[in-house]
Amino acid sequence: MEAVANNQLVSIEKPEIVAPPNWEPVIIGILCNWCSYAGSDLTGTSRIQYPPNIRIIRVPCSSRVDPWFLIKSLQTTADGVLVSGCHPGDCHYISGNYYARRRFLVTKKLLNFVGFHEDRIQFSWVSAAEGPKFAKVVAKVTEDIKKLGPLHLYKKENFEK
Amino acid sequence: MARVGVFVCFCGANIADFVDVPKVVEEAKRIREVKFAIDYKYMCSDPGQQQIRDAITQYRLTSIVVAACSPRMHEKTFRKALSDAGMNPYLLEVANIREHSSWVHQKDKKAATEKASDLVRMAVAKSIANEQLHEISVPVTKRALVIGGGIAGIQAALDIADARIPVVLVEKSPSIGGKMAQLDETFPTLDCSQCILTPKMVDVASHPYIELIPYAEVLELEGFVGNYKAKIRKKASYVNFKTCTGCGTCWQKCPVKVPNEYNMGIDKRKAIYTPFPQAVPNKPVIDAAHCTMLTKGKCGICAKVCEKGSIDYKMQDEIIEREIGAVVVATGYDLWDPKPYEEYGVGRFKDIITSLEFERMVSANGPTNGVPVRPSDGKVPKNVVFIKCIGSRDEAKGIEYCSKICCMYTTKHTILLHHKVHDSHAYVFYMDIRAAGKGYEEFVKKAQVDTAATYLRGRVSKIYKKGDKLIVRGEDAQIGQVVEVVADLVVLATAVIPPKDNPDLARLLGVSYDKYGYMSEAHPKLRPVETAKAGIFLAGCTQAPKDIPDTVAQASACAAKVCGIFSGDTMKKDPMISTVNNEYCTGCQNCVKVCPYGAIVTEEVPMGHGSKEMRTVAKINEGVCQGCGSCVAVCRSMAISLAGFTDLQIINEIVSI
Amino acid sequence: MKKVTYFPGCSAHGTSEEFDMTVKMVMKSLDVQMEEIPDWNCCGATSAHSLSETLAYALPLRNLVLAEKLDNATMAIPCASCYQRLKVTKVHMDDNPELARKINSTVIDEGTYKGKVAVKSMLQYCYEDIGLEAIKSKVTKSLAGMKLACYYGCLLTRPKNITHFDSPEYPMSMDHIVEALGAKATEFDYKTECCGASFSISDTEVVINLSSQILEMARESGAHAIVVACPLCQSNLDMRQPDIEKHTGKKINLPIFYFTQLMALAFGMSQKDMMFNKHIVPVEGALANIGKIEPEPEKVKKPRKAVEAESEVE
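Residues numbered from 1 in each chain as written. Chains lettered and ligands numbered in written order. Predicted model: local features only at pLDDT ≥ 70, side-chain atom pairs only at ≥ 80, totals over all residues.

Right, let's get into the pairing of strand 1 (residues 4–9) of chain B. Residues and elements named next belong to chain B. Among the 6 residues in strand 1, 6 count as buried, and that is most of the element. Side chains Val-4, Val-6 and Val-8 project from strand 1 onto one buried face, and the interleaved Gly-5, Phe-7 and Cys-9 project onto a second face that is buried too. One ladder, built from 6 bridges, connects strand 1 with strand 2 (residues 34–40); its direction is parallel. Looking across to strand 2, one finds that Val-8 is bridged to Asp-39. Between the parallel elements strand 1 and strand 2, the chain passes through helix 1 (residues 21–29) in a crossover that is right-handed. As defined by bridge partners, strand 1 adjoins strand 3 (residues 63–68) across 5 bridges and the pair is classed as parallel. Note on strand 3: the bridge partner recorded for Val-8 is Ala-67. (Buried ≥ 20, exposed ≤ 12 C-beta atoms within 10 Å, placed from the backbone. Helix = DSSP H or I, 4+ residues; strand = E, 2+ residues; numbered from the N terminus. Pairing = 2+ DSSP bridges. Right-handed = clockwise from strand over helix to strand, strands pointing away.)

Moving on: the sheet that holds strand 29 (residues 536–538) of chain B. Residue and element names in this part refer to chain B. Read across the open sheet, the 5 strands follow the order 10-7-6-18-29; overall the sheet is parallel. Each end of this open sheet is capped by a strand with a single partner; those strands are strand 10 (210–213) and strand 29. Across this sheet, the average inter-strand angle for adjacent strands is 20°, counted without regard to direction. (Axes fitted to C-alpha atoms, helices over the stretch in contact; angles between N-to-C directions.)

Our focus in this paragraph is the interface of chain A and chain B. The interface is formed by 35 residues belonging to chain A together with 36 residues belonging to chain B. Mapped onto the side of chain A that touches chain B, the elements with two or more residues apiece are helix 2 (36–45), strand 2 (54–59), helix 3 (67–76) and helix 4 (96–113) of chain A. Split by residue class, the side of chain A that touches chain B holds 16 nonpolar, 12 polar and 7 charged. (Contact = placed C-beta atoms within 7 Å. Nonpolar A, V, L, I, M, F, W, Y, C, P; charged D, E, K, R; others polar.)

Attention now moves to the packing of helix 10 (residues 204–220) of chain C against helix 12 (residues 241–248) of chain C. Between two packed helices, both the angle of their axes relative to each other and the distance between the axes serve to describe the pair. All names here are of chain C. As a packed pair, helix 10 and helix 12 sit with axes 10 Å apart at the nearest point and diverge in direction by 90°. One element, helix 10, and the other, helix 12, form an angle in the roughly perpendicular class. Where helix 10 approaches helix 12, its residues Ile-208, Ser-211, Ser-212 and Leu-215 are matched on the opposing element by Gln-241, Asp-243, Ile-244, His-247 and Thr-248. Grouping the amino acids of the contact of helix 10 with helix 12 by side-chain chemistry returns 3 nonpolar, 5 polar and 1 charged. (Parallel < 35°, antiparallel > 145°, perpendicular 65-115°, else oblique.)

What follows covers the arrangement of the chains. Summarising the chain contacts, 2 pairs of chains touch, and the pair with the most contacts is chains A and B. Across all C-alpha pairs, the smallest distance from chain A to chain C is 26 Å, and the two are not in contact.

All right, on to the domain arrangement of chain B then. Residue and element names in this part refer to chain B. On domain assignment, one finds that chain B holds domain 1 (4–128), domain 2 (144–235 + 317–333 + 514–565), domain 3 (249–305), domain 4 (334–497) and domain 5 (578–655). Taken over C-alpha atoms, the centre of domain 1 sits 33 Å from the centre of domain 5. Contacts between the two partners involve 5 residues from domain 1 and, on the opposite side, 4 residues from domain 5. Along the lines of polarity and charge, the residues of the side of domain 1 that touches domain 5 split into 4 nonpolar, no polar and 1 charged. (Domains from an automatic or database assignment.)

With that settled, consider unusual backbone geometry. Pro-281 of chain B follows Val-280 of chain B through a cis peptide bond whose omega is 0°. With respect to the helices, strands and loops of the structure, Pro-281 of chain B is situated in the loop between strand 15 (272–273) and strand 16 (285–286). At the junction of Arg-158 of chain C and Pro-159 of chain C, the peptide bond is cis and its omega measures out at -15° in the coordinates. Tracing the backbone shows Pro-159 of chain C in the loop between strand 5 (147–151) and helix 8 (160–163). Located in the positive-phi region is Lys-404 of chain B, a residue other than glycine, with phi close to 75°. In this fold, Lys-404 of chain B is placed in the loop between strand 21 (383–390) and helix 12 (406–420). A tally of 19 C-beta atoms within 10 Å means that Lys-404 of chain B is categorised as partly exposed. The phi dihedral of Asp-31 of chain C is positive, around 65°, even though this residue is not glycine. The residue Asp-31 of chain C is located in the loop between helix 1 (17–29) and strand 2 (32–36) in this model.

Below you can see the structure in the form of structure tokens.
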């Protein structure tokens, strides 16, 4: 945890550290099965193009997402995380996304407190019918993370690429 | 050591054109745990599945990754392939390299290929942590609850009961029959509504498998499919149905007159009443809001005249509990109040009535003996103007949708008017004539010829009074001019709306509803009678406006679905649910608070180490748990685990990218 | 003592002088102090908004800004057209602060718009702020015997989401006021029909056609006169009446009163101040009905269509 935080503080405090050429961020997308995952499938069936940086993990509900997952992602592989669920009021599991929303707010504050830029973790509501919206969300998140630069400068392959 | 097999699909050209499939296979082979990897043109085809089955035995594989389309598409197909090969089907993981890679990164094959390899690696990592899971079987209570005793509820109840499954039919009003009992004749065949409905009502009352609870409402429904518990409040009728013979002396002698709901308030009923002569059950109830004995303690005539002594002014509401396996909701519809149409003088002019009021008037058992009359002076009208789409398709004043039935019943009304008043003339203001249905267009065409009604395409902008006539001013869009029609009677085809308490009932049942208050089906095309909540089905207008044929068809479909649930003594359920590890559970009960289904309760277990002390731990009712995982995320001691989405599985995915 | 900001509008200084005069008389008698907006300007009426959106907003906005300096909660406007323009501007400015800033910049010399003054028509002010009870209490000479058709015109209550006052199709506020004065309001279905005012000059035939229908319906309703709350309604129905009579060949002879004239009359003020001499159609015939009370015809009990919610005992 300390190592991650230090690393992040470096990238905030010394913005002159520029990303290696051809650097592409890795973004983990954790999507709920009933709305956002179905929405991302619709983006595919509609052939709407978006940046290829996101890697999608399917969970039953956004309320399944443990803050641990977000911390672990940033600690190990990801430069940013997107969590997406059903629109408030539309949760397949009645109220799961409300729990998720509150939990994310707190997690965001915590990560911010230890030195992560708040754009590293982002949340959105994408319904099963919002294919174009999902593409837009991914494009925006990717752009935001690109601006922030690599989180894992120590990763050897980032320099090799 | 895990032995994973990876199967990468071309999906014809869908994947192969934008992802370098052989490269993905090659990358997969570099993963230590992958013992076998292959690509194929169509993995979902039978030869494709055969490759999976063969490889499972040949390479002694412990989990399978199929890289193909979305798991929402073919997960079931591949799971079946696994179990056919004797492997636990839940050892499968699907890497979605079509919807999430080849279709969305068509301009960058290199990146798409890299992403596909990553997705495969993630799936492999997850599959290593997959556990063998088994479908859960839940016992089933074979009894259905039907809410609403209109034609939808009647049909559903009869169909289910005919399959020898007990049915509890709960009806809000004192009699079953619903709106259909108020209709005179029905389109497009002009069958007498009473003649086709009342035999069914009698069947309900006499069916050995139907328990009819009239004058009652559902208060609570808890549990889950196959195992619901319903609490029903039977309103006090103040009449002992067991001894009452339905002789009618009480309502003949009752001095209190109340507007008659059955006849749309055109005439009056008594405070002790049966809604209509053919009511089922044909026993009276006392309207507690109007009976002077119950409100002021004065009168008591009905008790005096009742020879059987069936009147009981002290009767209380009764709570009935029933164990239920499935529910059919058939609460029907209401009609929109046209008051916002102030420019028509609704509420000021007595000779503007709604379609259902007209229906009651032309009804043989109606308050005017089947002859339409003007409410203002009781004269028989000659010129009658029918205006369609009152409230329907009107975003400004009413609702956006089409009520579906008004075009047809207005056509029927022109015919009925023509039959009852031979020298009358009907004018119909319409926006469109929507006559889609078997025999509907023919019905409209024939009615237009037979009745010689004047059809005017356009909206009415104003109605005003001149003498004792109403002047209806509207546009005839086909000649592009404003026209004025001198009318004796104006009939408004008001919109169909859901019953006012539909959202309350939906919340009580845990079913979602739309912005108008109609309950929502699980899928608009492919699951039109199911709700998103397992074991609750929708029949008739509670879901959307419908005519009688559609309602009856949907009710029968509900019955088929209910019989399907009851076809075995137990039901199969997805095993992706939470489990508690008692060793870790501290009994904090955070999980109990967040569970949206109330599936988590507590239990006492021994402290351990030979101690006699007990401690509290969480316990999950596997029949109720739907597998959302809310409890897992709030569990501080990591005691709860969600099968199929364990912490280990997800962390494996995260770290393997 | 109540205080209210007054925006007279240009017609109050011309064709509808009698409206302006009676408003002032009535308000004084009701113990309301009217403060005229200093240096008010034209509201833009129908001309401005057919030319430029900015101009159509800027003209009323200047008045709204000036009105805020007077520190009264409410502004009352006798003219329906002025009322419409000021109210539309207020609602749009309050809904869209961005637009408000943009338009405000054109009249920034007068101050910044804050949106704190409620805009009401004179009718609305009398009905909502003064109230029927206060009006009733001032009546010394009841108008009993007079039957009146209340004509609201097209602007006073429309559009509903702007005015938020009374019904857009069948308003009753003026009916209630004249009944508070002792007169009887007739059932008049044309109370919000268009009189054709915008075509007053350009296509007089339209006006004659539309206004004649209104007059005819009022006549048929049994009214002795029409009551209005708008200068343009008054001038159209009054001034065109001889033309309409000529055109249709039917005698109409319905004087057109401002509701404030009748209030002043019922409050027992001098007829001279009400400027009845400015009317084209003579008023004397209608006023002669005051005091002539017809016996109420006995109500025939209608057996059909019960609407009463309460139960009745035989």
